[in-house]
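Secondary and tertiary structure notes
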Amino acid sequence: MSFYLRPPKGITNIINLETTVRQRFLCYQNIINEDITNTIVDLECLVEDSVLDRLGHHLFRLLALKSRHFYTVFIEHEVQLLGLRLASYNPEDAKNFVKSLKSQCATCLEAIKVDGKVKNYFIELSSVCLKLLSYFRTPDNVSKAQIQLHFSYCFDLLAKRQYDIANGMLLINCTEWKALLLSLYKSYLHLALFDMKFIPQVNDALQDERIKSVLILARDLFCKNNSLRKFGSLDMTRFEEETGNFPLCMKTLYNNLSKNNRLGHNARFDFSLYLKDIGVEITDAFEFWRKFYSKQHSSCSSCTHSWEQNEKRYIYGIRHLYGLEGSRKSYNVKDCSQIQNTILGANEEGGCPFQHFDDNNLRSLLKNSLPVNRSEKIETIINERRGNPKKGCEKFLDFLVEKDAVNDELHFKNPAEYYFLLKSINSEV
Ligand code: SF4
């Protein structure tokens, strides 16, 4: 029962590390599916406050520290997990939770040598716990039932605008103890993740080969998890920036669309599914396609339809891909092997550049896509794709991020997984 204020102690093995990571992802997935019954039941690594539970939380904290992409997913799901636990407490459990939190606060305060935000947070948390304990003992005593807390410790509650505020202090009734604790927990996670950047032992942990390998596993599981990786839809105001994470197949389609304001039917289908899978909301998809199809098509475009004349058809088509029309099946972007096996008609857009482009076209595409200091790698990529186009793409990604793919295992199954993998790597700090 805790906010995971202190790191886990003891000795464990690599199997346990991997199992905790897998089970915590499963727990996050269950939270998304609102599968409350199975969220934590039968997951031995999620037994509250057990060594494995703390281990999983702190491993995920390391991943959140390394990856901005995972950061929000981590905080939101950890807060929801605590919410589920608090919801299951009876009054005695709640009292014990707060007691334990207060005692851990005291231990943390003893260990902190310098004044600062973290110390202030623990002082505030400790005083909230004291107040809550008094409320739990005599819940009918109205005079003891209100807590004053600076808004910076509970931004969430401030945003809800349900609480009175005076001189920067929120006035919260103790009956709202669950919302208060969740908000304080969220603030703590933000603070802890910021503070970890300056703790030498954290850096040591990140250099540890066993931790490194388990974080690579966690990143791969995250990138391959459809629901988690899309957590938080794609911010369309940053779309151009995001195209830097697109694989060359989709980057080429996007470039064609930007140039001609149109895509051929199959290419539009593939690109729409890709956008959906990387987190573009349906309303943003309408706006995205409307923007291009309302413009004049170029003379070499294979499609001459316009948004104005075909709006209903386009909207229906997009809704269909998102599983809101027809058979209501939610479609996904094709796998690389399917894209590579596509037989393209003359002048048809699409396909995989590592399969469908000739050497000269691929060479010029790679030249425009790789950093200048890596252009000498182009021939290596071209040779690699001859035996296996997918390997060519993996090699390209390897050179793009300047990592050693042999050790780092940059694997993906489809263009959306490629996007999330590169996005995660690029968001590593
Ligand atoms: S290998 Fe896959 S992700 Fe890479 S360019 Fe080809 S289809 Fe796209």
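These figures come from a predicted structure and were not determined experimentally.

1. Quick notes on the overall build of the protein
- A tally of helices and strands in the protein yields 23 helices and three strands.
- Its C-alpha atoms put the protein at 80 × 50 × 40 Å along the principal axes.
- Of the contacts made within the protein by residues no fewer than 6 positions apart, 69% connect residues no fewer than 24 positions apart.
- Separation of charge centres in the protein, based on 56 positive and 52 negative side chains, amounts to 2 Å.

2. Let's talk about the sheet that holds strand 1 (residues 146-150)
- If you trace the three strands from one edge of the open sheet to the other, you get 1-3-2, paired in antiparallel fashion. Each having just a single partner strand, strand 1 and strand 2 (164-166) make up the two edges of the open sheet. The average undirected angle you get between the axes of adjacent strands in this sheet is 30 degrees.

3. A short note on the site of the ligand
- Taken together, Pro-247, Cys-249, Cys-336, Gln-340, Cys-352, Pro-353, Phe-354, Cys-393, Phe-412 and Pro-415 make up the full set of residues adjacent to the ligand.
- Its residues assigned to classes, the shell around the ligand comprises nine nonpolar, one polar and no charged.

4. Structural notes on the domain arrangement of the protein
- Once the domains are mapped, the protein shows domain 1 (14-143 + 174-229) and domain 2 (236-426).
- Summarising the inter-unit geometry, the C-alpha centres of domain 1 and domain 2 are found 37 Å apart.
- Buried area between domain 1 and domain 2, summed over both chains or domains, comes out near 1000 Å², and the portion from carbon and sulfur atoms is 48%.
- At the boundary of domain 1 and domain 2, one finds zero salt bridges.

5. Here we look at the nonpolar core
- Of all hydrophobic cores here, the largest spans 74 residues; its most connected members are Phe-3 and Phe-70.
- Among the elements that take part in this core, helix 8 (residues 177-196) stands out by supplying eleven residues, more than any other.
- Once residues within four sequence positions are removed from consideration, Phe-70 is found in contact with Phe-25, Tyr-28, Phe-60, Leu-63, Ala-64 and Phe-222.
- By size, the runner-up hydrophobic cluster in this structure holds 55 residues, among which are Leu-275, Ala-285, Cys-336 and Leu-362.

6. Digging into the pairing of strand 3 (residues 169-173)
- Across the two faces of strand 3 the burial differs, with Leu-170 and Ile-172 buried and Met-169, Leu-171 and Asn-173 not buried at all.
- Bridge analysis of strand 1 against strand 3 gives five bridges, and the strand direction is antiparallel. Directly across from Leu-149, in strand 3, lies its bridge partner Leu-170.
- Note: strand 2 against strand 3, three bridges, orientation antiparallel. In the strand pairing of strand 3, Asp-164 is matched with Leu-171.
- Two successive antiparallel strands, strand 2 and strand 3, enclose a turn made up of two residues, where Asn-167 displays a positive phi of approximately 50 degrees.

7. Side note on the packing of helix 4 (residues 68-87) against helix 8
- As a packed pair, helix 4 and helix 8 sit with axes 10 Å apart at the nearest point and diverge in direction by 150 degrees. On the basis of the axis angle, helix 4 is roughly antiparallel to helix 8. Handedness of the helix 4/helix 8 crossing: right-handed. From helix 4, Tyr-71, Phe-74, Ile-75, Glu-76, Glu-78, Val-79, Leu-82, Gly-83, Leu-86 and Ala-87 reach across to helix 8, where they touch Trp-177, Lys-178, Leu-181, Leu-182, Tyr-185, Lys-186, Leu-189, His-190 and Leu-193.
- For the contact of helix 4 with helix 8, the class distribution of residues is 13 nonpolar, two polar and four charged.

8. Some details on the packing of aromatic side chains
- The final tally for this structure, using the stated rule, is 40 aromatic pairs.
- Residues Phe-122 and Tyr-188 carry aromatic rings whose centres are separated by 6.1 Å and whose planes lie at 50 degrees to one another, so their mutual orientation is tilted. Taken together, the positions of Phe-122 in helix 6 (residues 117-137) and Tyr-188 in helix 8 put the pair 66 residues apart, joining distant regions of the chain.
- You can call Phe-122 buried: its relative accessible area is 4%.
- Judged by relative accessible area, which is 5%, Tyr-188 ranks as buried.
- When the ring centre of Tyr-293 is taken as reference, the NZ or CZ atom of Arg-262 above it lies at 4.7 Å.
- Residue placement shows Lys-276 over the ring face of Tyr-322; its charged tip is 6.0 Å from the ring centre.

9. Considerations on the environment of Ile-216
- Tracing the backbone shows Ile-216 in helix 10 (residues 209-224).
- Sequence separation of Ile-216 and Phe-288 is 72 residues, and the distance between their C-alpha atoms is 34 Å.

Quick notes on the rules
Residues numbered from 1 in each chain as written. Predicted model: local features only at pLDDT ≥ 70, side-chain atom pairs only at ≥ 80, totals over all residues. Heavy atoms only, no water. Helix = DSSP H or I, 4+ residues; strand = E, 2+ residues; numbered from the N terminus. Contact = heavy atoms within 4.5 Å. Lys, Arg positive; Asp, Glu negative; His and termini not counted. Charge placed at Lys NZ, Arg CZ, Asp CG, Glu CD. Pairing = 2+ DSSP bridges. Axes fitted to C-alpha atoms, helices over the stretch in contact; angles between N-to-C directions. Near = heavy atom within 4 Å. Nonpolar A, V, L, I, M, F, W, Y, C, P; charged D, E, K, R; others polar. Domains from an automatic or database assignment. Buried area = accessible area lost by both parts, 1.4 Å probe. Salt bridge = Lys/Arg side-chain N within 4 Å of Asp/Glu carboxyl O. Core = buried A, V, L, I, M, F, W, Y, C linked by side-chain atoms within 4.5 Å. Buried < 20%, exposed > 50% of the residue type's maximum accessible area, 1.4 Å probe, protein only. Parallel < 35°, antiparallel > 145°, perpendicular 65-115°, else oblique. Left-handed = near helix turned anticlockwise from the far one by under 90°. Phe/Tyr/Trp six-rings, centres within 6.5 Å; stacked < 30°, edge-to-face > 60°. Lys NZ or Arg CZ within 6 Å of the ring centre and 35° of its normal.

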